[in-house]
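# Fold and geometry: a report
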Amino acid sequence: MATLVLLNGPPASGKSTLAFRLVEARPLALNLDIDVVRGLLGAWIAQPADAGLAARALAISMAKTHLRAGLDVVVPQFLAHVGFIEELEQLAADCGVRFAEVALMLDRGTAIRAFNQRSRTPQTQSHVDASALVERAGSVERAGSEDAVGAMYDAYTHMLERRPNAHRIPVEVGDVDGTLARIEHAIALN
């Protein structure tokens, strides 16, 4: 049976790397990185909220097509609100496939340091885009919060209080194989 895997986690927690590794081991599985889909939209940075909604709508259509063909889909995405998670969960139910919600867990300080390090030496366009979005959010929130990544982390952990069935997977920075093994085990439980 096909599986829809949501790989959620704070910025720079390893979602993209882990998603790549997950699909690498599953023939024809789709690595549906919504940030990549958003990057395909023209001048998206001028309207990031609208671009994000458009990318999510496109992702739902792509996932539906793939799942109905009996193939796995992995969605690596930072989500701090339950709306899109519930959409993915409903999509899995509508397609008659398993839904595995994975929440990557690392402490707040480590998450902030990892994001700052990645921002200094971005490896992909998605990393560059994430830094630009966080910088933009930080400049908007200066009056209330100097720490945009910290605020994102806090929103993520608060949202998880509403998702008791999410598989919480500890991330040990630098141990991709160990984290991947814990994710694979969690997916197998669904």
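Quick note: structure is the one above.
Residues numbered from 1 in each chain as written. Predicted model: local features only at pLDDT ≥ 70, side-chain atom pairs only at ≥ 80, totals over all residues. Heavy atoms only, no water.

## Topic: the overall build of the protein chain
Rules: A run of H or I in DSSP becomes a helix once it reaches four residues, and a run of E becomes a strand once it reaches two; helices and strands are each numbered from the N terminus. Only C-alpha atoms enter the radius of gyration; for comparison, a globular chain is expected to reach 2.2 Å times N to the power 0.38, where N is the number of residues. Buried means the residue's accessible area, taken with a 1.4 Å probe over protein chains only, is under 20% of the maximum for its type, while exposed means over 50%, and partly exposed covers the values in between. Contacts are assigned to residue pairs with any non-hydrogen atoms lying within 4.5 Å of each other.
Counting its secondary structure elements, the protein chain contains eight helices and five strands. Along the protein chain, helices and strands appear, N-terminal first, in the series β-α-β-α-α-β-α-β-α-α-α-β-α. Relative to its length of 190 residues, the protein chain is compact, with a C-alpha radius of gyration of 16 Å against a globular reference of 16 Å. When the backbone C-alpha atoms are referred to their principal axes, the protein chain occupies close to 50 × 35 × 30 Å. Burial analysis of the protein chain (190 residues in total) assigns 46% to the buried set. Long-range pairs, those at least 24 residues apart, make up 75% of the contacts in the protein chain with a sequence separation of at least 6.

## Comments concerning the sheet that holds strand E3 (residues 73-76)
Selection criterion: Pairing between strands requires that DSSP locate at least two bridges from one strand to the other. Every axis in this analysis is a line fitted to C-alpha atoms, fitted for helices over the stretch in contact. Angles between the N-to-C directions lie between 0 and 180 degrees.
With respect to topology, five strands assemble into an open sheet ordered E2-E3-E1-E4-E5, the strand pairing being parallel. Of all strands in the sheet, those with a lone pairing partner are strand E2 (30-31) and strand E5 (167-170), marking the two edges. Here strand E1 (residues 3-8) pairs with strand E4 (residues 98-105) via six bridges, running parallel. Within the sheet, the bridge partner assigned to Asn8 lies in E4 and is Ala103. Each of E1, E2, E3 and E4 is contacted by helix H1 (residues 15-24), which is oriented at about 170 degrees to E3, the strand it contacts most. Its contacts with the sheet place helix H8 (residues 176-189) against E1, E4 and E5, and it is angled at close to 165 degrees to E5.

## A short note on the pattern of salt bridges
The condition that has to hold: For this document, the term salt bridge refers to a Lys or Arg side-chain nitrogen within 4 Å of an Asp or Glu carboxyl oxygen.
A complete count under the given rule lists eight salt bridges for this structure. In this structure, Arg26 engages Glu184 in a salt bridge whose closest nitrogen and oxygen atoms are separated by 2.9 Å. In this pair, Arg26 sits in the loop between H1 and E2 while Glu184 sits in helix H8, placing the two residues 158 residues apart along the sequence. According to the relative accessible area criterion, Arg26 is buried, its value standing at 15%.

## Section: the packing of helix H5 (residues 108-120) against helix H7 (residues 148-160)
We count it as follows: By the definition adopted for this analysis, an angle is roughly parallel if under 35 degrees, roughly antiparallel if over 145, roughly perpendicular if from 65 to 115, and oblique otherwise. Should the near helix be turned counterclockwise from the far one by less than a right angle, the crossing is left-handed, whereas a clockwise turn marks it as right-handed. Under the scheme applied here, ten amino acids are nonpolar (Ala, Val, Leu, Ile, Met, Phe, Trp, Tyr, Cys and Pro), four are charged (Asp, Glu, Lys and Arg), and all others, including Gly, are polar.
H7 packs onto H5 with a crossing angle of 135 degrees between their chain directions and a minimal axis gap of 10 Å. Comparing their axes, H7 and H5 come out oblique. Relative to H7, the crossing made by H5 is right-handed. Together, Arg108, Ala111, Ile112 and Phe115 of H5 and Val149, Gly150, Ala151, Tyr153 and Asp154 of H7 make up the contact between the two elements. In the contact of H5 with H7, the residues fall into six nonpolar, one polar and two charged.

## Notes on the nonpolar core
Soluble globular proteins tend to bury their nonpolar side chains together. Quick reminder of the rule: Working definition of a nonpolar core: buried Ala, Val, Leu, Ile, Met, Phe, Trp, Tyr and Cys residues. They are joined through side-chain atoms within 4.5 Å.
Grouped together as the largest cluster of nonpolar side chains are 30 residues, with contacts concentrated most on Leu4, Leu67, Val75 and Leu88. Broken down by secondary-structure element, the contributors of at least two residues to this core are E1, helix H2 (34-39), helix H3 (48-68), E3, helix H4 (82-95), E4 and H7. Residue contributions to this core peak at seven residues, all from H4. Not counting residues within four places of it along the chain, the set of residues in contact with Leu4 comprises Leu67, Val73, Val75, Leu88, Leu91, Ala92, Val97, Arg98, Phe99 and Ala100. Residues Val5, Val23, Val74 and Leu104 belong to the second largest nonpolar core, which totals 20 residues.

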